[in-house]
Each structure stands twice: as C-alpha cells, then as structure tokens.
Amino acid sequence: MSVLKRTVTVLTVAVGTVGLTFALSGSAWAGSNGRAWSQAWGRYADAVCDLQFVSYGDHFYLNDNLKDGAGCYATWGTLDYGSGVLYNSNGAGTTVHKNYDFPEGTYLSFKVCARDNGVVVQETCTEFWGQA
C-alpha cells in the first residue's frame, strides 16, 4: 500500500471516528460551551427550563422559559472541584447567573429540571456531560 493511500485511509478513519464521537457523545470539548433543556413530562412542557454553561469565564445561566407556575432547578458537579445547586423561582422569562472558576479541561456534569412548590420533578431532568 502506498504511503499516500495509507495516509488517506488513516485520516478517513480518524475523521470518521471524530464524527462518530460527536454524534454519540453529547459532550462538550475542553473549553467549549454546553446546554441542557428539561424534558416534557405530565403537565410540564419540553424545555420549560434550560441550563447553559459558557466556558469563557465558567458561567452558568439557569433560564425559566415558560409561564407555568413552576421554577427551575439545576445541579453541577466535577470530579475534583466540588458541586453546586442553582434555583430559579423568579418566574417565566428570568435567568439566574452563577460564575465559577474551573481549571481548563475540568470534567463536569450538570442536570436541569423543573421544580414545582419546592419539589424537583425528577422525570423532567436532563443531564449534560462535558469539560470546562
């Protein structure tokens, strides 16, 4: 097999693997942003809440998207740098912001859910896994 053909084959496999990783993972790459939306369940519509992570400055934004009487709840966690909880009970169209300082490449996860009368509606929760 010629060097050119072998190089093209290796690059094709590498690009295919990266594409497959993107399609299956749902993870953010180091230094990238991430977002998760709550899921529909019962009287709760799809995406009543969403949590956005902005890697530049390590900011979380918890958004209450619908006028439904419910608030929003989110948790985040890292392997080495702790965890935290965010609440947004300010009403539809509002955002709660928290700023943290994670070292680059920190593996993190977060979850966003609807929260009604102080009770987290677990069936609406959606998780995201990625890196800061």
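In this text the structure is predicted, and so the values were computed from the model without any measurement.

What counts, and where the lines are drawn
- Residues numbered from 1 in each chain as written.
- Predicted model: local features only at pLDDT ≥ 70, side-chain atom pairs only at ≥ 80, totals over all residues.
- Heavy atoms only, no water.
- Pairing = 2+ DSSP bridges.
- Helix = DSSP H or I, 4+ residues; strand = E, 2+ residues; numbered from the N terminus.
- Axes fitted to C-alpha atoms, helices over the stretch in contact; angles between N-to-C directions.
- Buried < 20%, exposed > 50% of the residue type's maximum accessible area, 1.4 Å probe, protein only.
- Polar contact = N/O pair within 3.5 Å; in protein donor to acceptor, adjacent residues only side chain to side chain.
- Contact = heavy atoms within 4.5 Å.
- Patch = residues over 30% accessible without salt bridge, like charges linked within 9 Å, V, L, I, M, F, W, Y side chains within 5 Å.
- Areas by Shrake-Rupley, 256 points an atom, 1.4 Å probe, with all protein chains shown as cover.
- Salt bridge = Lys/Arg side-chain N within 4 Å of Asp/Glu carboxyl O.

Caption draft 1: Fine view of the sheet that holds strand S8 (residues 119-131). Taking strand neighbours across the sheet as the criterion, the 4 strands line up as S5-S4-S7-S8 in an open arrangement whose pairing is antiparallel. Single-partner strands in this sheet number two, and they are strand S5 (83-88) and S8. For this sheet, the mean inter-axis angle between neighbouring strands, taken without regard to orientation, is 15°. In this structure, strand S4 (residues 71-78) lies alongside strand S7 (residues 107-116), joined through 8 bridges in antiparallel fashion. Each bridged residue has a counterpart across the sheet, and for Tyr73 the counterpart in S7 is Cys113.

Caption draft 2: Structural view of the side chain of Asn88. Structurally, Asn88 is set in strand S5. Since its relative accessible area comes to 1%, Asn88 is described here as buried. For Asn88, the side chain forms a polar contact with the main-chain oxygen of Leu62, separated by 3.1 Å. A polar contact is formed between the side chain of Asn88 and the backbone nitrogen of Asn90, at a distance of 3.0 Å. Contact partners of Asn88, with chain neighbours within four places excluded, come to Leu62, Asn63, Asp64, Gly71, Cys72, Thr94, Thr95 and Val96.

Caption draft 3: Up close: a nonpolar patch on the surface. On the surface, a cluster of nonpolar side chains totalling about 340 Å² of accessible area is made up of Leu79, Tyr107 and Trp129. Looking at the secondary structure, you find Tyr107 in strand S7. Residue classification places Tyr107 among the partly exposed residues on the basis of a relative accessible area of 36%.

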